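Read off the chains here:
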Amino acid sequence: MTVIGVLGGSGTVGRVVVDRLTEYGLGRLRVGGRDLDRAAAVCRAFPQATAEPMRVDLHDPQNLREFCTGCDVVVNCAGPSYQVLDAVARVALAAGAHYVDAAGDLAAIDALESAPPPELDERAAVFSAGLMPGLSGLLPRLLATGPLARLDVYVGGAARIGELSAVDALLTRGPQFGTALAVWRDGRIVPGALAPLRAVTLPGFRGRVHAWPFLSVETARLAADLGVGELRNYTVYVTEAIPRALAAAWADGGPAERHVPAVVAAADADIAATGPYYTLLFQAVPAPGQPAGPDRPRRLLLQTPDSYALSGVVAAITVGELLEGRIKPGARAAAECLDAADVFARLTGDPLVTAAELH
Ligand SMILES: NC(=O)c1ccc[n+]([C@@H]2O[C@H](COP(=O)([O-])OP(=O)(O)OC[C@H]3O[C@@H](n4cnc5c(N)ncnc54)[C@H](OP(=O)(O)O)[C@@H]3O)[C@@H](O)[C@H]2O)c1
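Starting afresh in each chain, residues are numbered from 1 along the sequence in its written order. Predicted model: local features are reported for residues with pLDDT of at least 70 only, side-chain atom pairs are reported and counted for 80 or more only, and whole-chain, interface and lining totals are derived from all residues. Values reported for side chains reflect all heavy atoms of the structure, with hydrogen atoms and water molecules removed beforehand.

- Per an unreviewed UniProt entry, the chain goes by the name Saccharopine dehydrogenase NADP binding domain-containing protein and belongs to Thermomonospora echinospora.

Laid out in structure tokens, this is it:
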């Protein structure tokens, strides 16, 4: 029987991965984390699953090898991803498993490809299998039914930020991750081209919001793949508390961990302001001369009350695609190897999706 290891299966994202893998009936589960009791509690919460808890610290190589041995797929939901990079992927691949990471940016893929393990000829390592990165680079592809003059991406809302994600938000800066205020135009990154949109209204977002331009590596690759004339990518906040907390931390310097409480508190303040919700909004402008029609959608909107949980759904769907043999061997980003229409259809039927529009 297929065995799927969920590293970090007792965390916010990992629990949902365990839940959906159980619901999809994809195999026996091994739920790992440093705290065996937490992992065991997750297994007990899913009595219908054949799930066993296992104590594992990803920083202990022998321990990690034991966790991965016997797995057909290892899903990583432990972090912070700037620290994990390709470390778990290498051990999983060497143990004969495919690999899925709910996080991990291009930096992780680059790290794996810099000295590719021979197993990558036969197995896949899929990174960024979450919401952002993940759906943010996948779903806009549904709007590319013909040449596009422009694509606007807005992702954000009010969501709790976990401590691991806060560390990632503080540390995953620089050209390997993206460029603030930049736009993609005519085949290249143009720095400093955009300004923040303050107190604007946007479809699918509550009240007035603040949209901060950040051309992530994921969206720059998307723009290049689709050949769009211009791509603007915004992170949307319901107040300016998070960008202020991040700016203060970067100005102050020092260890990222010191600034985690301020980032977590800023996210909590946002939730208090609007209630929890997260929206992905993509708007396309076709190139001149492109015909309009129902088969040529111009806007895609997806909303969820819980962005972390939805990341878990994406990771679980990715596992299913791998086991079905629909993802080729090699190191890839989820946005570049999943089928956008298929994933959108599946998300439309998921209880964590409260709005899904494509028109
Ligand atoms: N792509 C996206 O859109 C997206 C969205 C949300 C989150 N994420 C990413 O997903 C990851 C998980 O986030 P989360 O909020 O679910 O975190 P979380 O709630 O803190 O859960 C972390 C999990 O990893 C385990 N863990 C932590 N350190 C470990 C270690 N050294 N060895 C083994 N297990 C370890 C924890 O269990 P123990 O403490 O018992 O070890 C727990 O099960 C983060 O990297 C985050 O950035 C991605």
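**Topic: the nonpolar core**
Okay, step 1: Residues grouped as a nonpolar core are buried Ala, Val, Leu, Ile, Met, Phe, Trp, Tyr and Cys residues, joined through side-chain atoms within 4.5 Å. Only protein chains enter the accessibility calculation, which uses a 1.4 Å probe. A residue is then buried if its area is under 20% of the maximum for its type, exposed if over 50%, and partly exposed in between. Of all hydrophobic cores here, the largest spans 84 residues; its most connected members are I4, L21, V75, L135, L302, L310 and L347.
Okay, step 2: Put simply, DSSP H or I for four residues or longer makes a helix, DSSP E for two residues or longer makes a strand, and each gets a number counted from the N terminus. Element by element, the count of residues in this core is highest for helix α12 (residues 307–323), at 10 residues.
Okay, step 3: Residue ranges for the domains trace back to a domain assignment, done automatically or taken from a database. Domain assignment of the residues forming this core places at least three in each of domain 1 (3–129 + 308–349) and domain 2 (135–306).
Okay, step 4: For this analysis, residues touch if any pair of their heavy atoms sits within 4.5 Å. Among residues more than four places away in sequence, those in contact with L135 are G130, P140, L280, F282, L302, L310, V314, V343 and L347.
Okay, step 5: Counting 27 residues, the second-largest nonpolar core is a separate cluster that includes V84, A97, L112 and L120.

**Brief notes about the pattern of salt bridges**
Okay, step 1: One side-chain nitrogen of Lys or Arg within 4 Å of one carboxyl oxygen of Asp or Glu is enough to make a salt bridge. In total, this model carries 13 salt bridges according to the counting rule given.
Okay, step 2: Salt-bridge contacts for R20 lead to E23; the nearest nitrogen and oxygen are separated by 4.0 Å. Of this pair, R20 and E23 both sit in helix α1 (residues 12–24), three residues apart, roughly one helical turn.
Okay, step 3: The closest approach of N and O atoms between E240 and R198, which form a salt bridge, is 2.9 Å. With E240 in the loop between β13 (230–237) and α10 (241–252) and R198 in strand β11 (residues 197–200), the pair connects residues that are 42 residues apart, well separated along the chain.
Okay, step 4: On the basis of relative accessibility, which here comes to 16%, the residue E240 falls in the buried class.
Okay, step 5: When its relative accessible area of 46% is taken as the criterion, R198 is described as partly exposed.

**Thoughts on α12**
Since the α-helix packs 3.6 residues into each turn, any two residues three or four apart lie on the same face.
Okay, step 1: Here the expected span of a helix is defined as 1.5 Å times the quantity of residues minus one. For α12, which comprises 17 residues, the first-to-last C-alpha distance of 25 Å matches the rise-based estimate of 24 Å (1.5 Å per residue) to within 8%.
Okay, step 2: For α12, the buried fraction is high: 16 of the 17 residues fall into the buried class.
Okay, step 3: One or two residues past the end of α12 sits G325, with phi positive at roughly 80 degrees.

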